[in-house]
Amino acid sequence: MHPATAKWYDRRDSVFVEFCVEDSREVQVNFDKSKFGFSCVSGTDNIKHQNSVDLFGEIDPKESKHRRTDRSVLCCLRKAEAGKSWPRLTKDKTKCNWLSVDFNNWKDWEDDSDEDLSSFDKFSEMMNSMGGDDLPDLDGADDEHDSADSDDEKMPDLE
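Residues numbered from 1 in each chain as written. Predicted model: local features only at pLDDT ≥ 70, side-chain atom pairs only at ≥ 80, totals over all residues. Heavy atoms only, no water.

Looking up the protein chain in an unreviewed UniProt entry gives the name Prostaglandin E synthase 3, with the organism given as Parambassis ranga. The heading Pathway (unreviewed entry) in the UniProt record of the protein chain holds the text "Lipid metabolism; prostaglandin biosynthesis." UniProt annotates the protein chain under Catalytic activity (unreviewed entry) with the comment "prostaglandin H2 = prostaglandin E2". (UniProt positions renumbered as here; feature names shortened; annotations may be inferred.)

Right, here's the structure in full:
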């Protein structure tokens, strides 16, 4: 059996683990307070996958769920203690070669206020706080658009 490749990310009240297995069958997910197990058969070659994870923190097994799609199995692990950040998924600090952080879905929710600003709003707010009202004049780029310069002469027609 091979471990399935997985990505994970942390949220305020849950931890999400996505097992990247296409065409999975016979999916089994077992949730326990401090660990969970995953197994399935995938692909036309009937490859058997099995993963067992001792978790960093405790979860609520009754509130934890999983959903299978054609490309993956997404597990939602409901934290027993909501609001506590998990710096890693596993209890041990050892690196699992099958597990990586899902940076596309990662969010640093610890520093967020109750107002959930979008990334663009945060970026705009940061840019506004840097000043910018007194930017230097860039060679009068906005000013004299109508004035004639020596290089504004009419070009001869192409033959």
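**Concerning the side chain of His49**
The residue His49 is located in strand S5 (residues 47–54) in this model. Polar side-chain contacts of His49 include one of 3.4 Å to the backbone oxygen of His2. Ignoring anything within four residues of it in the chain, the contact list for His49 reads His2, Pro3, Ala4, Val21, Phe38, Ser39, Cys40 and Ser42. (Helix = DSSP H or I, 4+ residues; strand = E, 2+ residues; numbered from the N terminus. Polar contact = N/O pair within 3.5 Å; in protein donor to acceptor, adjacent residues only side chain to side chain. Contact = heavy atoms within 4.5 Å.)

**Here's the deal with the sheet that holds strand S8 (residues 99–101)**
The strand order across the open sheet built from five strands is S6-S7-S2-S1-S8, with neighbouring strands paired in mixed fashion. The open sheet has two free edges, formed respectively by strand S6 (65–68) and S8, since each of these has just one partner strand. Put simply, the sheet's adjacent strands are angled 20 degrees from each other on average, direction ignored. Pairing geometry for S6 and strand S7 (residues 73–78), over four bridges, is antiparallel. Bridging across to S7, Arg67 finds its partner in Leu74. (Pairing = 2+ DSSP bridges. Axes fitted to C-alpha atoms, helices over the stretch in contact; angles between N-to-C directions.)

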